[in-house]
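The primary structure of each chain is shown beneath.
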Amino acid sequence: MSPDVVSIIRDIAIIVMAVMVAAAALALIVVVLKIYPKIRRAATNFEAASCIMLDTTARISALVTAGSEIGSFVWDLVTRIRGRGDDKSEDDGNPNN
């Protein structure tokens, strides 16, 4: 084959590949533009769901913290009441008082 024929075949192959790449890029652009509103809506819904989950988690965490503080307060009261009862029983049995 002469070099002129090879260069013509190469040029045709380059043009065909350029057209194929352009067609693929155009198809990709069309697909993205068609699904863009759906993707945007999904992102907005995900953001709203994330805010709801974050708010719910914060409320649950606050409830757990409040329950822990109440439990600690009750435990402290029980310990003080038991401590008073133990002090009185020791004072009654001690002959030095």
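Preceding this paragraph is the structure being described.
Now for a quick tour of the structure. (Residues numbered from 1 in each chain as written. Predicted model: local features only at pLDDT ≥ 70, side-chain atom pairs only at ≥ 80, totals over all residues. Heavy atoms only, no water.)

The subject of this paragraph is the overall build of the protein chain. Helix and strand content of the protein chain: 1 helix and 0 strands. Here the protein chain holds 97 residues, and 0% of them are scored as buried. Carbon and sulfur atoms provide 69% of the accessible area of the protein chain, an area that totals close to 8,800 Å². (Helix = DSSP H or I, 4+ residues; strand = E, 2+ residues; numbered from the N terminus. Buried < 20%, exposed > 50% of the residue type's maximum accessible area, 1.4 Å probe, protein only. Areas by Shrake-Rupley, 256 points an atom, 1.4 Å probe, with all protein chains shown as cover.)

Attention shifts here to a nonpolar patch on the surface. Residues Ile8, Ile12, Val16, Met17 and Met20 make up a contiguous nonpolar surface patch of roughly 490 Å² in combined accessible area. Turning to its location among the elements, Ile12 is positioned in helix H1 (residues 3-93). (Patch = residues over 30% accessible without salt bridge, like charges linked within 9 Å, V, L, I, M, F, W, Y side chains within 5 Å. Salt bridge = Lys/Arg side-chain N within 4 Å of Asp/Glu carboxyl O.)

All chains considered together, the criterion is met by 3 salt bridges. Residue Arg80 is joined to Asp76 by a salt bridge in which the shortest nitrogen-to-oxygen separation is 3.4 Å. With Arg80 and Asp76 both in helix H1 and 4 residues apart, the pair spans about one turn of that helix. When its relative accessible area of 51% is taken as the criterion, Arg80 is described as exposed.

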